[in-house]
Every structure is written in structure tokens, then in C-alpha cells.
Amino acid sequence: MAVFKVNPLTSGLSGKLGNDLVFRQSHGRTILSTAPQRTGEDSNAQELHKDKFKKAIQFAKVQMSIPEIKEEYKKSAKEKGMYSAYNLAVADYFHAPEIGDLISKDYHGEVGDKIEIIAFDDFKVEHVEIEIYHNDGSLVEKGLASKNGSDFEWEYAATVANTEFSGDKIVVKAFDYPGNETDKEFVLG
């Protein structure tokens, strides 16, 4: 790959030259590389990936058309050292949020008891849901956690009394802006 920083002959060139060379522009520079070669028909996995990439591009275009969201992506991209808000939005589509830890030391089965959750994403976690189940699988309660100080700290306040909570299961679901979901289960001690 050749990079032309200042060259009046190649400045602004983009596109394919013959069957072997491709010119493209990136941040004020002209880049020359070999043209990609097709090796036959795409596999099912490649077709699925291409379809997902098309959806990621569509998602990014929609996000960039909403000034407030575009500004948030722009700010986050700058903090991460990425070139553009658009690229971050495309990447965000491909990456589901992660759930770190659940802190339940303040949960004693009483209404108002707090459960803390650590959940993060390459851009932002949009919301976090909590479900609490008894040992027999019956639902005790579910609801939304709220942000607790930072973009990755969340807190849920119990809304149902649950005196027999030992061994109960907490299911945490974290969602990002593209709608990717991550679930993680914890058992109450």
C-alpha cells in the first residue's frame, strides 16, 4: 500500500484503475492499494456477515441523521481516538454490551433494597433490566435499573418483598443503542 501525502497527480483520486489498483481517500490522504480479488461464491457465513454489515451501515446512517445522537457518537469517537462518529456507530452495531459484576450485599429481600450492576459497551449501554426468580423458576419481580453515577454503573431497587431469597437467581439484561442484548445470571447467597 502506498500513501501519497502531497502529490498533485494523485490528489483527490478515488476508484479502481484497471483490474489491479484502487485509489481511495482517507483523512486528506490518497491511498493506493491492490484491488481485492473475488475467489468464487460467498459462503453462508459470508452472506450473513454481508447482510449484518448492510444493517450496521443503515443503523449508522440513521444515527448520523439525529443531531443529538450524532454529537454523542462524535464525542465518544474523539475520546476513543477514532476517526469518525459514523465508524463508531457501525462498530457499535457489531458489539453487544458486557455485564461485569453484580453487587447484591445490600439486598436482603426487602422493598427498596439495592442491587448494583456494572455494564458497559463500546459506545453506551441504553438500559439494563433485572429479573429475580425463585429456585422453582417462578418470577419474583422484574424492572429497569437506573444509572448510578457513571455510564457503566447501574442500580436496581427491589419492589417486592422476598424473604426466602437465598439461592434465588438474578438475570441481568443489558441493551445498547443498536438493540444488542447480553444476559448474565447470578445466584443470591
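In this report, the structure presented in the accompanying data block is examined.

## Focus: the layout of surface pockets
Here the largest pocket defines a volume of roughly 150 Å³. Contributing to the lining of the largest pocket are Glu-72, Lys-75, Ser-76, Glu-79, Lys-80, Phe-123, Lys-124 and Asp-151. Partitioned by chemical class, the residues of the lining of the largest pocket number one nonpolar, one polar and six charged.

## Focus: the packing of helix H1 (residues 44–64) against helix H2 (residues 67–80)
Orientation of H1 relative to H2, taken along the N-to-C sense of each, is 110 degrees, at an axis distance of 7 Å. Regarding the angle of H1 to H2, the classification is roughly perpendicular. Here H1 contributes Phe-59, Gln-63 and Met-64 to the contact with H2, which in turn contributes Ile-69, Lys-70 and Tyr-73. Looking at the contact of H1 with H2 residue by residue, the classes come out as four nonpolar, one polar and one charged.

## Quick word on the packing of aromatic side chains
On inspection of all chains with the given rule, the structure shows six aromatic pairs. Note on Tyr-107 and Phe-165: the rings are 5.4 Å apart at their centroids and 80 degrees apart in plane angle, and the pair reads as edge-to-face. Remark: Phe-165 occurs in the loop between strand S10 (153–157) and strand S11 (169–176) and Tyr-107 occurs in the loop between strand S5 (98–103) and strand S6 (114–120); sequence separation between them is 58 residues. Accessibility assignment for this pair places Tyr-107 and Phe-165 in one class, buried. Pairing Phe-123 with Tyr-177 gives two aromatic rings, centres 5.6 Å apart and planes at 65 degrees, and the pair type is edge-to-face. Pair noted here: Phe-123 is in the loop between S6 and strand S7 (125–133) and Tyr-177 is in the loop between S11 and strand S12 (181–187), with a separation of 54 residues, a long-range link. The exposure class of Phe-123 is buried, given its relative accessible area of 8%. Classification of Tyr-177 as partly exposed rests on a relative accessible area of 32%.

## A closer look at the sheet that holds strand S8 (residues 139–144)
Spatial ordering of the open sheet is given by S8-S7-S11-S12, a layout of four strands whose pairing is antiparallel. Whereas interior strands pair on both sides, the edge strands pair on one side only; in this sheet they are S8 and S12. The sheet shows a mean angle of 15 degrees between the axes of neighbouring strands, taken without regard to direction. The sheet contact formed by S7 and S11 spans eight bridges and is antiparallel. Its bridge partner lying in S11, Glu-129 is registered against Lys-173.

## Section: the pairing of strand S4 (residues 29–34)
The pairing of strand S3 (residues 21–26) with S4 spans six bridges and is antiparallel. Within S4, the position partnered with Arg-24 by the bridge is Ile-31. Here S3 folds back onto S4 in antiparallel fashion, the turn holding two residues, of which His-27 has a positive phi close to 55 degrees.

Scoring rules and cut-offs
- Residues numbered from 1 in each chain as written.
- Predicted model: local features only at pLDDT ≥ 70, side-chain atom pairs only at ≥ 80, totals over all residues.
- Heavy atoms only, no water.
- 1 Å grid on protein atoms, 1.4 Å probe; cavity = no way out; pocket = protein on both sides within 12 Å on 5 of 7 lines; lining within 4 Å.
- Points joined across faces, edges and corners; volume = space filled by probe spheres on them.
- Nonpolar A, V, L, I, M, F, W, Y, C, P; charged D, E, K, R; others polar.
- Axes fitted to C-alpha atoms, helices over the stretch in contact; angles between N-to-C directions.
- Helix = DSSP H or I, 4+ residues; strand = E, 2+ residues; numbered from the N terminus.
- Parallel < 35°, antiparallel > 145°, perpendicular 65-115°, else oblique.
- Contact = heavy atoms within 4.5 Å.
- Phe/Tyr/Trp six-rings, centres within 6.5 Å; stacked < 30°, edge-to-face > 60°.
- Buried < 20%, exposed > 50% of the residue type's maximum accessible area, 1.4 Å probe, protein only.
- Pairing = 2+ DSSP bridges.

By themselves, these observations are geometric and do not establish any function.
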